[in-house]
Structure formats: structure tokens, C-alpha cells
Amino acid sequence: MKITVITGTEQKGCTYRIKEIFLNALGTGHEITQYYLPSDLPDFCCGCKICFLHDENLCPHAAHVVPIWNSLLESDLLVFASPVYALRTTAQMKSLLDHLCVHWMVHRPDERMFSKKAVILTNAVGPIQKGAQSDIATSLRWLGVSQIRTLGIGLMEGIIFNQLSDKRQKDITRKTVKFAKKFKNPSPPHNGLKVRGLFALCRLLHQQAARKEVILSADNRYWVEKGFIKPSIKKQG
Ligand SMILES: Cc1cc2nc3c(=O)[nH]c(=O)nc-3n(C[C@H](O)[C@H](O)[C@H](O)COP(=O)(O)O)c2cc1C
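- If you check an unreviewed UniProt entry, the protein appears there as NADPH-dependent FMN reductase-like domain-containing protein from Lacrimispora algidixylanolytica.

The following block contains the structure:
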């Protein structure tokens, strides 16, 4: 399998360890590309909107964002590993997700995302992981990913992996390995109902917009060029 891994911290701590346990449990022979945030995307989205209005390649941070997006598109399995910060994902992970908004289904989706599996690995001192997981899952869903699975590890005994009791470390390893086994099968998932529903809704919205607008927006042009909607014949000017 081709796998892209995004880790939302540069610490070689618990997030890193859990992610490594997960990858090792997948076995050998995979082509794995890894990105660590924020070093692989140091800038926040500045809100210039050039991606929406013109072209994502003109984003001031395209040199960082485009390779990550291409790597996601070329992969079978997408892995997002993040610690929980203030009950959410880290700001650097959110920054990447913000940069990918242009590829949400309401804007310019890429159909290659429909056949991806995604894994979200979170950890926190306590048991509450849902907020961080849904920060990532919401974006993945709108990017068109059909199968999204989550694993949340409550460290419970502390925040330094080596200082956790042997029993806790073993429990975390066992849980993570068991979870990883679900992803050994490389076959792509079926298009999920939610993704199909969102795509159908967006297609309707774009078809209506394309009928009304004399000069099509970058988003509308993309939908027409992709053949997702029919071009509407209208007099220009
Ligand atoms: C700034 C910051 C905020 C955190 N917020 C929470 C939190 O809201 N809830 C929680 O249970 N753990 C929280 N943690 C703990 C982390 O989720 C994580 O378990 C810990 O940082 C260990 O992972 P790491 O070694 O990869 O950094 C926080 C840690 C940091 C550094």
C-alpha cells in the first residue's frame, strides 16, 4: 500500500510512538511518506482566498501544501496522528486542514479521494478525544474520504511514554496493533453514503450556480471541466 502519514506534532513522544506502533503492525513492503507539522507546513492560511478565486497553485504556501496534497491523492491509506491540545487537534494540524479547504466537495473535489481509507490516531492524558478526532474527520469527510476510522488512546498515567507503567505501555501497544490489523487489506472501500450524499448535494448547487452565472467561478469551471456538471449555454457579456 501507499501510505501518507501526517503527524500533528514534532515531539518524538506519545503521538510518535503510537503512530510507529501502528505502522509497524501493518507489516513490511509499504511505501510510506511522512510529514511532520509544523515543519512541513510552517505557515497558517493567511485567508487571501486566491485558491478559491483562482488557483491553489498560487497559494503563498503552495510549495509546502501541494506536495502534501499530491501525496494524499497518490496514497491508499491516509494516517493522521495528533495529540489532543485543549480538547481539539493541534493548531498545526488544523492549519493543514484549512489549506485543504479548496478541495472540499463544495469547492473543487478530487474524485481520487473517494477511494481512500483514513485513520485518525489521537492520544490525550484523559479519555476525551472526540473533539480532536472530529476536527480531522470533518475535513476528511468533506474532502470525500469514505472510510474513516479512529483510535483514541487515553494515556491516563502521565504524558511521557517511557514513564507510563509497563502494563499501560503494553495495553496501548496491544490496542494499537489490534486496530492496525483492520487495515492490512489494501482493497479500497465502497463510496460511503455520506460522501455520495454530499457530492450529490454539491453537484446540484454547482449546476444551479452554473446556470445563473454568466462568467463561471473557478469552482464552477472546475466542475464543468471535470464533467461533474453539464455546461450551461449562455451568452457571455
Ligand atoms: C498544550 C497541550 C495541551 C494539551 N491538552 C490536553 C487536553 O485538553 N486534554 C488531555 O487529556 N490532554 C491534553 N494534553 C496532552 C496531550 O494530548 C498528549 O497526550 C501529550 O502531549 C503526549 O503526547 P506527545 O508526547 O505526542 O506530545 C495536552 C498537551 C499539551 C502539550
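Here the narrative resumes, following the displayed structure.
A few points about the site of the ligand
- Around the ligand, the structure places 14 residues, and the nearest of them are Cys 14, Thr 15, Val 84, Asn 123 and Gly 126.
- Contact between the ligand and Val 125: an oxygen atom at 3.1 Å from a main-chain N or O atom of the residue.
- Notes on the ligand: free accessible area 620 Å², of which the protein chains cover 70%.
- Those elements that place two or more of their residues in the shell around the ligand are α1 (14–25) and β4 (117–124).

Comments concerning the nonpolar core
- By size, the foremost hydrophobic cluster in this structure holds 25 residues, and its most contacted members are Ile 6, Leu 72, Phe 80 and Leu 140.
- The set of elements that each furnish at least two residues to this core consists of α3 (62–74), β3 (77–83), α4 (91–99), β4 and α5 (130–143).
- If you tally residues by element for this core, the top one is α3, at five residues.
- In contact with Leu 140, other than residues within four places in its own chain, are Phe 80, Ala 118, Ile 120, Val 145 and Ile 148.
- In this structure, Ile 21, Leu 77, Leu 155 and Phe 179 belong to the second largest nonpolar core, which totals 24 residues.

Concerning the packing of aromatic side chains
- Taken as a whole, this structure holds ten aromatic pairs when the rule is applied.
- Geometrically, the ring pair formed by Phe 114 and Phe 199 is edge-to-face, given 5.5 Å between the ring centres and 75° between the ring planes. In this pair, Phe 114 is assigned in the loop between α4 and β4 and Phe 199 in helix α7 (residues 193–212), connecting sequence segments 85 residues apart.
- A residue is classified by how much of its surface remains accessible, and Phe 114, at 10% relative accessible area, is buried.
- Ring centres of Phe 199 and Phe 228 lie 5.1 Å apart, and the angle between their planes is 90°; on these two criteria the pair is classed as edge-to-face. Of this pair, Phe 199 sits in helix α7 while Phe 228 sits in the segment after α8 (218–226); the two residues are 29 residues apart in sequence, bridging distant segments of the chain.
- The class of Phe 199 is buried, set by a relative accessible area of 11%.
- Here Phe 228 falls in the buried class, since its relative accessible area comes to 15%.
- Ring pairing ties together the aromatic residues Phe 114, Phe 199, Tyr 222, Trp 223 and Phe 228, which thus form one cluster.

What about the UniProt feature "domain: NADPH-dependent FMN reductase-like" (unreviewed entry) in the protein?
- In the numbering used here, UniProt assigns the "domain: NADPH-dependent FMN reductase-like" (unreviewed entry) feature to residues 1–135.
- Counting secondary structure, residues 1–135 comes out at 33% helix and 20% strand; the distance between its end C-alpha atoms is 26 Å.

Thoughts on the pattern of salt bridges
- Per the counting criterion, the structure on display carries ten salt bridges.
- Taking the shortest distance from any N to any O, the salt bridge between Arg 108 and Glu 56 comes out at 2.8 Å. Of this pair, Arg 108 sits in the loop between α4 and β4 while Glu 56 is found in the loop between α2 (50–53) and α3, placing the two residues 52 residues apart along the sequence.
- Judged by its relative accessible area of 5%, Arg 108 is buried.
- Overlapping salt bridges, with partners in common, bring together Lys 167, Arg 168, Asp 171 and Arg 174 in one network.

Each value, and the rule that gives it
- Residues numbered from 1 in each chain as written.
- Predicted model: local features only at pLDDT ≥ 70, side-chain atom pairs only at ≥ 80, totals over all residues.
- Heavy atoms only, no water.
- Near = heavy atom within 4 Å.
- Polar contact = N/O pair within 3.5 Å; in protein donor to acceptor, adjacent residues only side chain to side chain.
- Areas by Shrake-Rupley, 256 points an atom, 1.4 Å probe, with all protein chains shown as cover.
- Helix = DSSP H or I, 4+ residues; strand = E, 2+ residues; numbered from the N terminus.
- Core = buried A, V, L, I, M, F, W, Y, C linked by side-chain atoms within 4.5 Å.
- Buried < 20%, exposed > 50% of the residue type's maximum accessible area, 1.4 Å probe, protein only.
- Contact = heavy atoms within 4.5 Å.
- Phe/Tyr/Trp six-rings, centres within 6.5 Å; stacked < 30°, edge-to-face > 60°.
- UniProt positions renumbered as here; feature names shortened; annotations may be inferred.
- Salt bridge = Lys/Arg side-chain N within 4 Å of Asp/Glu carboxyl O.

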